[in-house]
Amino acid sequence: MQQQLSELKRMVFGSKSERFISLDTGQLDLFVEQSQVSTIESESIEISYKREQQVVKKKQPVRSSLPSHLPRIEETIEPDDIISGATKIGEEITEVLEYNPSSVFVRRIVRPKYILAKQERIIVAPLPSLPIPKGNAGAGLLAHIMVSKFVHHLPFYRQQQIFKSQHIDIGKGTLCNWFNATTTLLEPLYDTLQKELLQSSYLKVDESPIGVQDTTKKGKLHMGYHWVHHAPIERLVLFKYDPSRSRKVPEEILQHYNGTIQTDGYSGYLNLKTKGSITLLACMAHARRYFEKALDNDASRASYVLEQIQDLYAMERKTKDRKSTFELIKRYRGLYAVPILNSLENWLKDQILQVLPKSAIDKAIGYTLKLWDKLKRYITDGRYKIDSNLVENTIRPLALGRKNYLFSGSHKAAQKAAILYSFFATCKINSIDPYSWLKDVLEKIQEYKANRLDELLPNNWVAL
């Protein structure tokens, strides 16, 4: 009951951060028992001294310069009392950052028609490729709407209100139709993304829930899942939606996959029946989370494990800061991480016999020992990471988005959303502006050769 009370207080009042600071800082305790303080006889001594007070001049705040790439609109203000014959000796220039609301304009395509009398035929220039045939939405507008929802988390009804403030009436049904048409256009590129990602030898995999309206469940939302796959070496991300969280989902996606996948402790990834050979890695951050929660239950044991894990992460940061090669990372782990892991393993096996069953510290130790072989397997290859935090970072836009739009309208809509989440997450980890990428792709993809679609993926895309 005490543990449950601590968990409840933590959820309501506690910090969400999992950062651990050791209590053993070497500082003397402020409050100690009187018996611990030795008796010291003191003598009164008069001491006089002169102290010079340093006056610290306050620094004036320095305003950062405005970006040089922004266009400048000059405005000249002449003094009112200027007289003829005055000589200009200089200028006082003040730059102020201003903003105009995004402008929507009509692109009017005029194609003159000519008649060739001798040949008895009429000629007219071909119409440029449009994202939606016979539609009235251009690539720039479609890209803006999709980025606004799936990157900046603005649901369609909020965008509809923004358009109304600009005296543009676009129905919600029209926005949904444009969304369907855009994702349909991107489906071949999405298939190419999946094919490229599954060729990677190392993947991070996680799943995240999303509510979906289901016609078979009146008044209730079906809980579906986005299965997220991240290839850190190739810098690719793939979202796949499925109504289920069962083992059949990763088995279907990874049916022909050969390589290593890193996941949390979810049992659905264990013993996958696939045609390829899959090696499993576990996530040290999830194990650390259990011990961080056990601090209220057994501070001494939990603190010890957290300190050891902290040392492992310090090694990872050091190799990252030095930009070490994969081979050097493997050698460094062998020299410094392996002794810590071996010592920690022996300690965990010894302590599991001494802690109270079903307590928080028992769950933490049991979870870690259960996955220990997979937790320490990251040391076998410099490409592997110590945790799966990178794939969890790619899920954040989904978590923020569903707080705003709450649920998907159907299972089909949830999968279409997965298409855009995949591309925008890939844009983010490749430092690509999602709007520029999507606008360019929508303008090109209609006439792009199928065997060259990989050139349009964000990690290969080159802005012209």
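Everything numeric in this text was worked out from a predicted model, so none of it was measured. (Residues numbered from 1 in each chain as written. Predicted model: local features only at pLDDT ≥ 70, side-chain atom pairs only at ≥ 80, totals over all residues. Heavy atoms only, no water.)

Regarding unusual backbone geometry
Then step 1. The residue leucine 406 is not glycine, and still its phi comes out positive at about 70°.
Then step 2. Residue position: leucine 406 is located in the loop between α11 (389-405) and α12 (411-429).
Then step 3. Even without being glycine, serine 431 reaches a positive phi, approximately 55°.
Then step 4. Within the fold, serine 431 resides in the loop between α12 and α13 (434-444). (Helix = DSSP H or I, 4+ residues; strand = E, 2+ residues; numbered from the N terminus.)

Comments concerning the side chain of glutamine 194
Then step 1. Tracing the chain through its elements places glutamine 194 in helix α4 (residues 172-197).
Then step 2. For glutamine 194, a relative accessible area of 17% corresponds to the buried category.
Then step 3. Polar side-chain contacts of glutamine 194 include one of 3.4 Å to the side chain of lysine 240.
Then step 4. With sequence-adjacent residues up to four places away left out, glutamine 194 is seen in contact with Leu238 and Lys240. (Buried < 20%, exposed > 50% of the residue type's maximum accessible area, 1.4 Å probe, protein only. Polar contact = N/O pair within 3.5 Å; in protein donor to acceptor, adjacent residues only side chain to side chain. Contact = heavy atoms within 4.5 Å.)

Notes on the confidence of the model for the protein chain
Reading predicted coordinates in detail is not appropriate for stretches of low pLDDT.
Then step 1. Averaged over all residues, the pLDDT of the protein chain is 88; the fraction at 70 or higher stands at 91%.
Then step 2. Predicted confidence is poor over residues 27-40, with pLDDT under 50, and the contacts of this stretch with residues over four places away or in other chains come to one contact. (pLDDT = per-residue confidence, 0-100.)

Observations regarding the side chain of serine 388
Then step 1. With respect to the secondary-structure elements, serine 388 resides in the loop between α10 (372-375) and α11.
Then step 2. Apart from the residues lying within four places of it in its own chain, the contact partners of serine 388 are Lys204, Gln262, Cys283 and His286.

Some words on the pairing of strand β6 (residues 259-262)
Then step 1. Pairing geometry for strand β3 (residues 202-213) and β6, over three bridges, is parallel. Within the sheet, the bridge partner assigned to lysine 204 lies in β6 and is glutamine 262.
Then step 2. In this sheet, strand β7 (residues 278-281) lies alongside β6 in parallel orientation, the contact comprising four bridges. The residue of β7 that forms the bridge with threonine 260 is threonine 279. (Pairing = 2+ DSSP bridges.)

Considering the sheet that holds β7
Then step 1. The mixed open sheet is built from five strands, whose spatial order is β5-β4-β3-β6-β7. At either end of the open sheet lies a strand with only one pairing partner, and these are β5 (236-242) and β7. For this sheet the average axis-to-axis angle between neighbouring strands, irrespective of direction, equals 30°.
Then step 2. As paired elements, strand β4 (residues 221-231) and β5 share seven bridges and run antiparallel to each other. Within the sheet, the bridge partner assigned to histidine 226 lies in β5 and is tyrosine 241.
Then step 3. Strands in contact with α4 are β3, β4 and β5; relative to β5, the strand with the most contacts, it is inclined by about 115°. (Axes fitted to C-alpha atoms, helices over the stretch in contact; angles between N-to-C directions.)

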